Amino acid sequence: MAKMTTQKLKEMKDQGIKISMTTAYDYPTAYLVDKAGIEIILVGDSLMMAVLGDDSTVACTMEQMIHHIKPVVLGAPNPLIVGDMPFGSYNVSKEQAIVNATRLMKEGRCDVIKLEGGKEVADTVKAIVDAGIPVMGHIGLTPQTVSKLGGFKVQGKGEEAARGVLEDALALQEAGAWGIVLECVPEMLAKLITEKLEIPTIGIGGGRYCDGQVLVFHDMMGLFEKFTPKFVKQYRNLADEMVSALSTFKEEIRTGAFPEEKHVFGGVGEEELKRLY
Ligand code: KIV
């Protein structure tokens, strides 16, 4: 697979070829995602919950994002790498947003950035795009402002709320975003938005008609056991496999079944050993 670009993703939308995207937060995961031919890797601020044990994404810092983007870029040369802008890193001013988006690109080396919000961040998106940085939007359920939304709930239910989400999508496209994540919105609203927009939509709880789908790696692999949202399909249960492997490891240490002769090193002869004793 040659390096993925936002232009190629737009061509995929135009040709009706569905786009796949998943998260990765480290080198080995990124390497495997690339090997599977997935088109986009998101280094999401979901890392706070998936790998750092927090119960929300709000506390994520620029330093944490950069720390995790770097190994993903090294492990996955082919997919488009999206770096998430943490909460509070783009809301103070357009200047603050440009400075922080530039840091993710220069220090993390991601290809594009993503930020949450609709109409209210459209000017910020335009400013970042004008500074030469491709921006992906994220609307519907926006986890960084989940307190304001009143919890992890489906957004855009009913005509008025649906119109609001549609207007958000149009405002982001107008501002120059190259693509949009649609999280937890009614399927037929996501279909309408996907048909109205020229840029790709990537759904997570956005139903079957988006241009692509994204899942958090740890959710789809069964590595996050705290809760499983309705939109997640668990493709494997790696947690069970890992616990089983670790239990066998413990058992084999107790019984002496591990290590075996093939795992050990020679290098001290019998005579040498006698003298050492
Ligand atoms: O941080 C993340 O993983 C995300 C996805 C839920 C799209 O933003």
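Here the structure is a predicted model, which means the values were calculated and not measured.

Draft legend 1. Summary view of helix 8 (residues 159–175). Along its 17 residues, helix 8 runs 24 Å from first to last C-alpha, staying within 8% of the 24 Å computed at 1.5 Å per residue. Along helix 8, the residues classified as buried are Ala162, Gly164, Val165, Leu166, Asp168, Ala169, Ala171, Leu172 and Ala175. Where helix 8 is buried, its residues meet helix 6 (122–130), strand 5 (135–140), strand 6 (179–183) and helix 9 (187–196). Of the residues one or two after helix 8, Gly176 is the one with positive phi, at around 110°.

Draft legend 2. Summary view of the site of the ligand. With respect to spatial proximity, the complete set of residues near the ligand consists of Thr23, Leu42, Gly44, Asp45, Ser46, Asp84, Lys114, His138, Glu183, Ile204 and Val216. Between Asp45 and the ligand, the recorded distance is 3.1 Å, taken from a side-chain N or O atom to an oxygen atom. The side chain of Lys114 places a nitrogen or oxygen atom 2.9 Å from an oxygen atom of the ligand. The fraction of the free accessible surface of the ligand (260 Å²) that becomes covered by protein chains is 95%. Per-class residue counts for the shell around the ligand are 3 nonpolar, 4 polar and 4 charged.

Draft legend 3. Inspection of the packing of aromatic side chains at higher detail. Tallied over the entire structure, the rule returns 2 aromatic pairs. Here Phe224 and Phe227 contribute two aromatic rings whose centre-to-centre distance is 5.7 Å and whose plane-to-plane angle is 85°, an arrangement assigned as edge-to-face. By relative accessible area, Phe224 is classed as buried at 13%. Owing to a relative accessible area of 41%, Phe227 belongs among the partly exposed residues under this scheme. The lysine or arginine in question, Lys191, covers the ring of Tyr209, its NZ or CZ lying 5.5 Å from the ring centre.

Draft legend 4. The arrangement of the sheet that holds strand 5 in detail. Strands sit in the order 1-2-3-4-5-6-7-8 around a closed barrel of 8 strands; the barrel is parallel. Strand-to-strand twist in this sheet, taken as the mean axis angle between neighbours without regard to direction, amounts to 25°.

Draft legend 5. Representation of the domain arrangement of the protein. Assigned domains within the protein: domain 1 (6–236) and domain 2 (241–276). Just the C-alpha atoms count here: the centres of domain 1 and domain 2 sit 46 Å apart.

Draft legend 6. Examining unusual backbone geometry more closely. With an omega dihedral of 0°, the bond running from Phe258 to Pro259 counts as a cis peptide bond. Checked against the element boundaries, Pro259 lands in the loop between helix 11 (238–255) and helix 12 (270–276). One non-glycine residue, Arg109, lies in the positive phi region at around 75°. Tracing the backbone shows Arg109 in the loop between helix 5 (94–108) and strand 4 (112–114). Note on Arg109: relative accessible area 57%, which makes it exposed. Positive phi, normally seen in glycine, also occurs at Cys184, with a value near 50°.

The rules behind each value
Residues numbered from 1 in each chain as written. Predicted model: local features only at pLDDT ≥ 70, side-chain atom pairs only at ≥ 80, totals over all residues. Heavy atoms only, no water. Helix = DSSP H or I, 4+ residues; strand = E, 2+ residues; numbered from the N terminus. Expected span 1.5 Å × (residues − 1). Buried < 20%, exposed > 50% of the residue type's maximum accessible area, 1.4 Å probe, protein only. Contact = heavy atoms within 4.5 Å. Near = heavy atom within 4 Å. Polar contact = N/O pair within 3.5 Å; in protein donor to acceptor, adjacent residues only side chain to side chain. Areas by Shrake-Rupley, 256 points an atom, 1.4 Å probe, with all protein chains shown as cover. Nonpolar A, V, L, I, M, F, W, Y, C, P; charged D, E, K, R; others polar. Phe/Tyr/Trp six-rings, centres within 6.5 Å; stacked < 30°, edge-to-face > 60°. Lys NZ or Arg CZ within 6 Å of the ring centre and 35° of its normal. Pairing = 2+ DSSP bridges. Axes fitted to C-alpha atoms, helices over the stretch in contact; angles between N-to-C directions. Domains from an automatic or database assignment.

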